[in-house]
Amino acid sequence: MVRSFLSAGAGAKFGHTRAVRLVALAALAACAHPHPTPMTWPTLDAQLLADAAATFNFRLGLPSPLAVTADGAVLFRRTPPRDFAASLYELDTRTGAVRELMSADGDTERLSDAEAARRERSRTVTRGVVDIDVSDDGHTVLVPLAGMLYLLDRRGGARVAIDPGGEAYDPHLSPDASKIAFVRDGDLWVIGRTGPAKRLTKHPEGFEYGVAEFVAQEELDRRRGFWWVGSDRLVFQRSDLRPVDTIYVADARHNDKPPVPFKYPRAGRPNAKIDLGMIDASVPGPKPEVPGPEPKWLAVHGDYIARVSWPDVVTLPRAQDEIAIGDLVVAHSDTWIDVPRPGAFGYRAGTPLHVGPDSFLWDAGETLQLRTKTSTTDLTSPEFGFRKLVGYDDSTRSALVEASVDPTRSDIWRVPLAGGAPTRITAGDGVSTASYEHGVLVVTTLFERGGRRTIAIARDGRSFELPSVAEQPKLVPTTQLETVELGGRTHHAAITRPRAFDPHRKYPVLLKVYAGPHLQMVDVARDGYVMDQWYADAGFVVVRSDGRGTPNRGAAWEHAIARDLITVPLADQIGALQALGARHPELDLARVGVFGWSFGGYFSAMAVLLRPDVFKCAIAGAPVTDWALYDSTYTERYMQTPEQNPEGYARTSALTHAAQLTRPLMIIHGITDDNVHFAH
């Protein structure tokens, strides 16, 4: 039995809505109480569900840091607690004072297809102030808002409104604040403080200039397609999209509008051909619509551009088995290379991070390295639990990193370049992430005791909190974290029981799952289990676990899924579930439902297809059903191409096993999802 639940919205966001939770709970309750046992509607905490829906799972009202200025001010956006319109604020790390720089009141933005897609790639759900740019001296802030470009003078408070005369996609301020560059209709434009906008390039048919191609945005965490070199030149991406398949996404709510075409490279199909160009932004054409001089074209040593921090260009071949800076290959793998994570505030290159004329810091995955063209020094050992390079403090000659030996936690550490033991900056009381710029460390911690806080630590050591107006959930989850041993490996798991738990009862089990790369389900941050508690209070025990293929456990753990995205994850999830069931008799393993979203949706569908003896029903949210339909960069990283691994693609496809479905399966999918397309 298959049931489907459709939405016009993108699948990745639709999974958070109130309607989905109610329908999902009804389906799970039905299969948890199989016929002929009479089913009764579970007792619901309706107020919690309403509050979660109104606050976007209690995330509205949280401060989101965007930049640190040269004088140490932290710029951040923040919405009201029950509204999606974000305004721009400033925290002065000299005084601790907070002021509003720009309000989103009256924002009436209408997003182009390109901008809507860019926000989907960055998982941005708020509106109003979304992105900003800051001049090198920190005095001027660029704020795109409702089709206009605003320049804010932080010293005197003056505001200049610039009308770009049309779409201004992904605008960026020149370092001296004299110009703004942006993309319109696949070409680069530039505008000064008084306008009008002037066209710099004219792309041939089938090409696009200045825009990161789909897979760079979605899978490589690179969302920019052009970069200022000084204040007079631009380096930009040239994409030949002609070889790439075109797919069409239609919105059934608006059948008066034509379907939106997307250039989408599926596994084994042609990618965009990319290289770089450089153009003088100070010499536009004789008329606004006439392009300037022909760009100078620059060779790129690779099929993917992962990071650009000019003159450094980090690239990978399509096989993603090595990574290079220019023509210097810095790492090779027999499986795949993970791209170094983005740096400060997600929009500047994380590595290479130069610390001298000939040396740079390099995120090598399991270790932090100090590199030159001829030497490599490991600054941390694999046992340190290095996760991400945050920044470099030149005053102490030390790197700032995220690390933890415990995968359920994360702390910020200082690692001296001269050698010696790292020192921990945060308190070890939760999951901490950070950014660093201009001597200011901005740390966000999700606490083990509940709650969340973002602080700015100035160079002199004083710290100030970025104020939050977010609502707090009104319950404390019962969640307990445990470990189980499987094949000599330690697996982390979380169990959430009803608040009215009866130890003499047996409860149906809900396995809440992701089980794929990039995302953990189990950590110590208490508030992440609030909605698990909502399900549990309806009469279930909710279980999560992290198996091989998930992050923060080292390369061998992560790469165990090479060429097969389901066999190891399924074995690990079942193994952890059964180990917990043997330990806790209240878990009724004869009544197990599984549900998840994205990769978790794929896992859920495959779970009832391959192991109906374990899983009695499933809800698959936005599932990939055939990896040959998914994007090339993600899929080929783990599976290689369909030509190289035909057996793997067949074995991991839900279509291969669809005829043997014997358990109830609900599929929830957004029909305008532009990555897990409706073809799935």
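A short tour of the structure in this document, coming up. (Residues numbered from 1 in each chain as written. Predicted model: local features only at pLDDT ≥ 70, side-chain atom pairs only at ≥ 80, totals over all residues. Heavy atoms only, no water.)

### Focus on the sheet that holds strand E25 (residues 328-332)
Here is step 1: Strand order in the open sheet made by the four strands is E22-E23-E24-E25, with antiparallel pairing throughout. This sheet does not close on itself; its edge strands, each paired only once, are strand E22 (304-309) and E25. On average, each strand axis in the sheet is tilted by 20° relative to the strand beside it, whichever way the strands run.
Here is step 2: Note: strand E23 (residues 312-316) against strand E24 (residues 322-325), two bridges, orientation antiparallel. Residue Thr 315 lies in a different strand from E24, and its bridge partner there is Ala 324. (Pairing = 2+ DSSP bridges. Helix = DSSP H or I, 4+ residues; strand = E, 2+ residues; numbered from the N terminus. Axes fitted to C-alpha atoms, helices over the stretch in contact; angles between N-to-C directions.)

### Observations concerning the packing of helix H3 (residues 46-54) against helix H6 (residues 530-537)
Here is step 1: As a packed pair, H3 and H6 sit with axes 11 Å apart at the nearest point and diverge in direction by 150°. Here H3 is positioned roughly antiparallel relative to H6, judged by the angle of their axes. Between H3 and H6 the crossing geometry is left-handed. Contact residues: H3 offers Leu 48, Leu 49 and Ala 52, while H6 offers Val 530, Met 531 and Trp 534.
Here is step 2: Per-class residue counts for the contact of H3 with H6 are six nonpolar, no polar and no charged. (Parallel < 35°, antiparallel > 145°, perpendicular 65-115°, else oblique. Left-handed = near helix turned anticlockwise from the far one by under 90°. Contact = heavy atoms within 4.5 Å. Nonpolar A, V, L, I, M, F, W, Y, C, P; charged D, E, K, R; others polar.)

### Notes on the packing of aromatic side chains
Here is step 1: This model, assessed by the stated rule, comprises 19 aromatic pairs.
Here is step 2: Where Phe 214 meets Tyr 264, the ring centres are 5.1 Å apart and the plane angle is 65°; that geometry is what we call edge-to-face. Here Tyr 264 lies in the loop between strand E19 (260-263) and strand E20 (273-280) and Phe 214 lies in helix H5 (residues 214-219), a separation of 50 residues in the sequence. By the burial criterion, Phe 214 is buried, and Tyr 264 matches it.
Here is step 3: Ring-pair connections join several aromatic residues into one group, and the members of that group are Trp 336, Tyr 514, Phe 599, Tyr 602, Trp 627, Tyr 630, Tyr 634 and Tyr 638. (Phe/Tyr/Trp six-rings, centres within 6.5 Å; stacked < 30°, edge-to-face > 60°. Buried < 20%, exposed > 50% of the residue type's maximum accessible area, 1.4 Å probe, protein only.)

### Focus: unusual backbone geometry
Backbone geometry follows two general trends: most residues other than glycine have a negative phi, and most peptide bonds adopt the trans configuration.
Here is step 1: Here the amide bond leading from Trp 310 into Pro 311 is cis, since omega sits at 10°, within 30 degrees of zero.
Here is step 2: With respect to the helices, strands and loops of the structure, Pro 311 is situated in the loop between E22 and E23.
Here is step 3: At Asp 170, a residue that is not glycine, the phi angle is positive and equals roughly 50°.
Here is step 4: Its identity is not glycine, yet Ala 622 carries a phi of approximately 45°, on the positive side.
Here is step 5: Here Ala 622 shows up in the loop between strand E43 (617-621) and helix H10 (632-639).
Here is step 6: For Ala 622, a relative accessible area of 2% corresponds to the buried category.

### Focus on the packing of helix H8 (residues 567-583) against helix H9 (residues 599-610)
Here is step 1: The contact between H8 and H9 brings their axes to 11 Å, and the two run at 80°. Relative to H9, the element H8 is oriented roughly perpendicular. Contacts between H8 and H9 involve Pro 569, Leu 570 and Gln 573 from the former and Phe 603, Ala 607 and Leu 610 from the latter.
Here is step 2: In terms of residue class, the contact of H8 with H9 is built from five nonpolar, one polar and no charged.

### Topic: the nonpolar core
Here is step 1: Core analysis: the biggest nonpolar cluster contains 73 residues, and Val 543, Val 594, Phe 599, Phe 603, Phe 615 and Trp 627 have the highest contact counts within it.
Here is step 2: When residues in this core are grouped by element, the largest group, eight residues, is from H9.
Here is step 3: When near neighbours in sequence (up to four residues on either side) are disregarded, Val 594 contacts Leu 511, Val 513, Phe 603, Ser 604, Ala 607, Phe 615, Cys 617, Ala 618 and Ile 619.
Here is step 4: Leu 49, Ala 52, Ile 619 and Ala 622 belong to the second-largest nonpolar core, a separate cluster that totals 20 residues. (Core = buried A, V, L, I, M, F, W, Y, C linked by side-chain atoms within 4.5 Å.)

### Notes on the pairing of strand E13 (residues 187-191)
Here is step 1: Summarising burial for E13: five of the five residues are buried, a large majority.
Here is step 2: Burial along E13 is two-sided: Asp 187, Trp 189 and Ile 191 and Leu 188 and Val 190, pointing in opposite directions, are all buried.
Here is step 3: Of the pairings in the sheet, the one linking strand E12 (residues 180-184) to E13 comprises five bridges and is antiparallel in character. Bridging across to E13, Ile 180 finds its partner in Ile 191.
Here is step 4: Remark: two residues form the turn of the hairpin made by E12 and E13, two consecutive strands paired antiparallel; Asp 185 in that turn has positive phi of roughly 50°.

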